[in-house]
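A closer look at the structure
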Amino acid sequence: MSRTSKHRPRVLIVGAGLAGTATAIRMLHFARRPVEIVLLERRSDYRSAGVAYHRDGNPWDHVFNIQAGRMSVFREDVLDFVRWANDEADRRGWPEPWVEHRFVEHGPAPRRLFQDYLCERLAEARRQARPGVVLVEADGEAVDMNVRPTEVEVTIRQFSMADEGRSPEAAVLPAERVVLATGLELREPPFAAEVLKHGSFVRNPYSADGVRRLVELPSEATVAIVGSVLSAYDSAGLLLRQGHTGRIHLISKTGTMFRVYPGGHEHGVVRLPCPASLLEPYRNREEFLARVRAEWGAACASVSRDHPDVDPVVVAERVAKAWEPHLPEAIERIPSGELRSLLDEFGTAIAAVRVGAVEYTMAVIERAMRRADGSVELVVGKVEGITPAESGRLVVSVASAGEGSDGKRAIEADLVVSNFGRESDYSRVDQPLWRNLLRKGIAAPHGRTGRGLDVDERGTLLSPGGEPAGPISAVGVLREGDEIVRNGRTGAFAFNLAAIKNQSIAVAAHAIGQLELAEEGLAQKEAQHADGVGNLEEADREGFEDAVILEVRRMAARVRSERESLDSRLDARIRSMRGRPASPADASRHDRLVRTAVNRAAVERLTDVSVTPRQLRRQLGIANSIDLEE
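Residues numbered from 1 in each chain as written. Predicted model: local features only at pLDDT ≥ 70, side-chain atom pairs only at ≥ 80, totals over all residues. Heavy atoms only, no water.

**Some points on the sheet that holds strand S11 (residues 382-388)**
In space, the three strands of this open sheet follow the order S11-S12-S13, with antiparallel pairing throughout. Looking at strand neighbours, the two that pair on one side only are S11 and strand S13 (408-413), the edges of this open sheet. Ignoring which end each strand starts from, the neighbouring axes of this sheet average 20° apart. As paired strands, strand S12 (residues 394-399) and S13 are joined by six bridges and run antiparallel to one another. (Pairing = 2+ DSSP bridges. Helix = DSSP H or I, 4+ residues; strand = E, 2+ residues; numbered from the N terminus. Axes fitted to C-alpha atoms, helices over the stretch in contact; angles between N-to-C directions.)

Pasting the structure below:
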């Protein structure tokens, strides 16, 4: 496949949902030299949205699980989404009550708006990119890859590039860098094998067909929703808001219900000492869990005592966040088999500790659960099977302690909605891309957790032998296991928007930086000169710090003229840090390698999760008047 320019390197991003779009936006901002960024998506309705945000699968009553003020695609600009929704969004066609709604940081917002927001921010980044930095939005499914000495050849099925005006059935697209942002993979629920195609079974409630069947359901119908995680609340809330009067059974293996964020809740960070006993050798599950409970109780009591401003409802969230820096060392002591078992058993509970839901979603469900008629019931137990009944309905068999003499319960329902969500073990994913990448050793399932893929500290795919498999990076849910063991990001925070924001910055900066080094013939010399750059940082600490601040501001700038001005100032600052180079070539090599070190330091600061986004803005010197007032 030809390139848009003979001398322009290409980056291929596979998947144009949230993670892929966020990474493309950052690349358009960061690139200083010509590059072609191809954003590939196999489903046009998922572009700039993915399964979680696309319009067809999200009616207006599906709101973000978290507050609108935390939905900015830019971590360093926390209120960007709220400002867009209030001042830029096209509200023609919006229904009541949203058409007149004034969005606030702590309030709700319809999830379907995120697709328009990401589309517009991508278009803005495209307009503000430097000359020669090109975005190509392509349709097609990546099904295979081959790593060559200088590029990766990607086989794409049903391929089309609008800019080239042709649509071959298949094509091989060469790229110097590849970013995998393929999003969630659906797990096939073994308990529903008999009813996957049954008209009363909804496998994907975030599809146009799934939403239609919920909306068209008779109000008196009986519904069984498998799962009690946040996605289940969307289905239950949609039914209740349209006046559903029939029974709704929320079936949960653990009985976990997510808490409601208090009014005015804002994300915050508290400092807590390391839970020292968790760093002791792992003996057995019971003994380890006893240590966790003891440390957890002490930490929660400490936050309640020392931080009276923290609402009791979110004390657990503050503790979970404060423990993140210490968890990798604790996790390192747990054998892999035990770690996988613990994550499977307590994954939902961990997610409920780390994240809550907005009142808009939960209030209607909680009211229904309190009603005397029991219109919404939480059923605690494991679904063993779903079978057709003679009546045409479905019967859900639940193993539930305390329900009858044998602990069994059968729930007959007019509609069964499955929230038995994603497949995290990529050795089980039945997609040609993953079958081929694993077969060829280009990717490997995460060895410690079995969740996602093995990657290095920059998100580069690792082979089964632990070596970089090629210039291929991953963003999003593919890095779940690595986020857990490397960064202590447990529960939904292993792959949610907060993690994706940081990954998009780091992966985009690394890809663009590597292309620049390769263009200058310095890719192999980067590691060789790392010690020298470190010595320079020590020798000219003030100069290096000034350079990092300029780079942070450049990376955060969204207007091209501002980035170009900061880039010029940064080049001048780096030149001032030279000693006496032996030749112009040495001077150029010095400047390029120092710039690489400066960029890495800037990435670390922009992705610092030990502070809130507002604290980050103040810390980096990019705060506006609102941030400073608060």
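Having put the structure on the table, let's press on.
**Observations regarding the layout of surface pockets**
Approximately 1100 Å³ is the volume found for the second largest pocket. Lining the second largest pocket are 47 residues, with Glu457, Ala506, Val603, Glu604 and Thr607 positioned closest to its centre. Elements with a contribution of two residues or more to the lining of the second largest pocket: helix H8 (315-323), helix H13 (480-487), helix H14 (497-519), helix H16 (541-556) and helix H18 (584-606). For the lining of the second largest pocket, the leading source of residues is H14, giving 12 residues. (1 Å grid on protein atoms, 1.4 Å probe; cavity = no way out; pocket = protein on both sides within 12 Å on 5 of 7 lines; lining within 4 Å. Points joined across faces, edges and corners; volume = space filled by probe spheres on them.)

**A few points about the pairing of strand S8 (residues 223-226)**
On S8, burial covers both faces: Val223 and Ile225 on one face and Ala224 and Val226 on the other are all buried. Bridge count between S8 and strand S9 (residues 248-252): four bridges; the pairing is parallel. Looking at S9, one finds that alanine 224 is bridged to histidine 249. Note that S8 and strand S14 (residues 415-418) share four bridges and pair parallel. The partner of alanine 224 across the bridge, within S14, is valine 416. (Buried < 20%, exposed > 50% of the residue type's maximum accessible area, 1.4 Å probe, protein only.)

**Regarding the sheet that holds S14**
Here five strands make up an open sheet; going across it, the order is S7-S14-S8-S9-S10 and the pairing parallel. In this open sheet, the two strands that pair with only one neighbour each are strand S7 (201-202) and strand S10 (376-380).

**Here we look at the side chain of histidine 62**
Among the structural elements, histidine 62 can be located in the loop between helix H2 (50-53) and helix H3 (80-87). A relative accessible area of 2% means that histidine 62 is categorised as buried. Engagement of the side chain of histidine 62 in a polar contact is seen with the side chain of asparagine 58, the distance being 3.3 Å. If we ignore the near neighbours within four places in the chain, the residues touching histidine 62 are Gly57, Ala109, Pro110, Arg111, Tyr206, Asp234, Ser235 and Leu238. (Polar contact = N/O pair within 3.5 Å; in protein donor to acceptor, adjacent residues only side chain to side chain. Contact = heavy atoms within 4.5 Å.)

**Let's talk about helix H12 (residues 432-439)**
Of all the residues in H12, the buried ones are Pro432, Leu433, Trp434, Asn436 and Leu437. Once H12 finishes, glycine 441 follows within two positions and takes phi at roughly 75°, a positive value.

**Some points on the packing of aromatic side chains**
Under the criterion given, the structure shown has 17 aromatic pairs. An angle of 55° between the planes, with centres 6.0 Å apart, marks the rings of phenylalanine 81 and phenylalanine 114 as tilted. Here phenylalanine 81 is found in helix H3, whereas its partner phenylalanine 114 is found in helix H4 (residues 113-127), with 33 residues between them in sequence. Phenylalanine 114 matches phenylalanine 81 in its accessibility class, with the two residues each being buried. The rings of Tyr53, Phe64, Phe81, Trp84, Phe114 and Tyr117 are connected pair by pair, giving a single aromatic cluster. For the cation-ring pair, arginine 43 lies above tyrosine 46, with the distance from its terminal atom to the ring centre recorded as 4.0 Å. (Phe/Tyr/Trp six-rings, centres within 6.5 Å; stacked < 30°, edge-to-face > 60°. Lys NZ or Arg CZ within 6 Å of the ring centre and 35° of its normal.)

**Section: empty space enclosed by the protein**
Under the criterion given, the structure shown has five cavities of 30 Å³ or more. The volume enclosed by the largest cavity comes to roughly 370 Å³. Taken together, 25 residues make up the lining of the largest cavity; nearest its centre are Arg70, His267, Ala498, Lys501 and Pro613. For the lining of the largest cavity, the secondary-structure elements that each account for two or more residues are H14 and helix H19 (613-620). Sorting elements by how many residues they give to the lining of the largest cavity places H14 first, with four residues. The residue inventory of the lining of the largest cavity, partitioned by class, reads eight nonpolar, eight polar and nine charged. In this structure, the second largest cavity occupies an estimated 60 Å³ of space. Pro9, Ala31, Arg33, Pro34, Val35, Ile512, Leu515, Glu516 and Glu519 together form the lining of the second largest cavity. For the lining of the second largest cavity, a count of residues per class yields six nonpolar, no polar and three charged. (Nonpolar A, V, L, I, M, F, W, Y, C, P; charged D, E, K, R; others polar.)

**Points about the nonpolar core**
In globular proteins that are soluble, nonpolar side chains generally tend to be buried together. Grouped together as the largest cluster of nonpolar side chains are 169 residues, with contacts concentrated most on Phe81, Met145, Val178 and Leu180. Sort the elements by how many residues they give to this core and H14 lands first, with nine residues. If we skip the residues at most four places from it in the chain, phenylalanine 81 touches Phe64, Ala68, Met71, Ser72, Ala109, Leu113, Phe114 and Tyr117. If you look at the next biggest cluster of nonpolar residues, it comprises 16 residues, including Phe191, Ala224, Val226 and Val398. (Core = buried A, V, L, I, M, F, W, Y, C linked by side-chain atoms within 4.5 Å.)

**Some words on the environment of glutamate 519**
Relative to the elements of secondary structure, glutamate 519 occurs in helix H14. C-alpha of glutamate 519 to C-alpha of glycine 69: the two residues are 450 residues apart in sequence and 40 Å apart in space.

**Re unusual backbone geometry**
Following glutamate 96, the chain continues to proline 97 via a peptide bond in cis, the omega torsion being 0°. With respect to the secondary-structure elements, proline 97 resides in the loop between H3 and H4. Despite not being glycine, serine 48 shows a phi value in the positive range, around 60°.

**Some points on the pairing of S11**
Of the strand pairs in this sheet, S11 and S12 are connected by six bridges, and their pairing is antiparallel. From the neighbouring strand, isoleucine 386 faces S12, where its bridge partner is valine 396. If you look at the hairpin formed by S11 and S12, you'll find five residues sitting between the two strands, and glycine 392 has a positive phi there, around 95°.

**Notes on the side chain of serine 252**
With respect to the helices and strands, serine 252 occurs in strand S9. Side-chain polar atoms of serine 252 contact the backbone nitrogen of glycine 255, separated by 2.7 Å.

**A closer look at the pattern of salt bridges**
Scanning the model with the defined rule gives 65 salt bridges in all. The salt bridge partner of arginine 121 is glutamate 124, with a shortest N-O separation of 3.8 Å. Taken together, the positions of arginine 121 and glutamate 124, both in helix H4 and three residues apart, correspond to about one turn of that helix. Per residue, the accessibility class of arginine 121 equals that of glutamate 124, and both read buried. Between arginine 259 and glutamate 317 there is a salt bridge whose closest N-O contact spans 2.8 Å. A residue pair is termed long-range when its members are at least 10 positions apart, and arginine 259 in the loop between S9 and helix H7 (285-306) and glutamate 317 in helix H8 qualify at 58 residues. (Salt bridge = Lys/Arg side-chain N within 4 Å of Asp/Glu carboxyl O.)

Remember that the coordinates give geometry; whether it matters functionally is a separate question.
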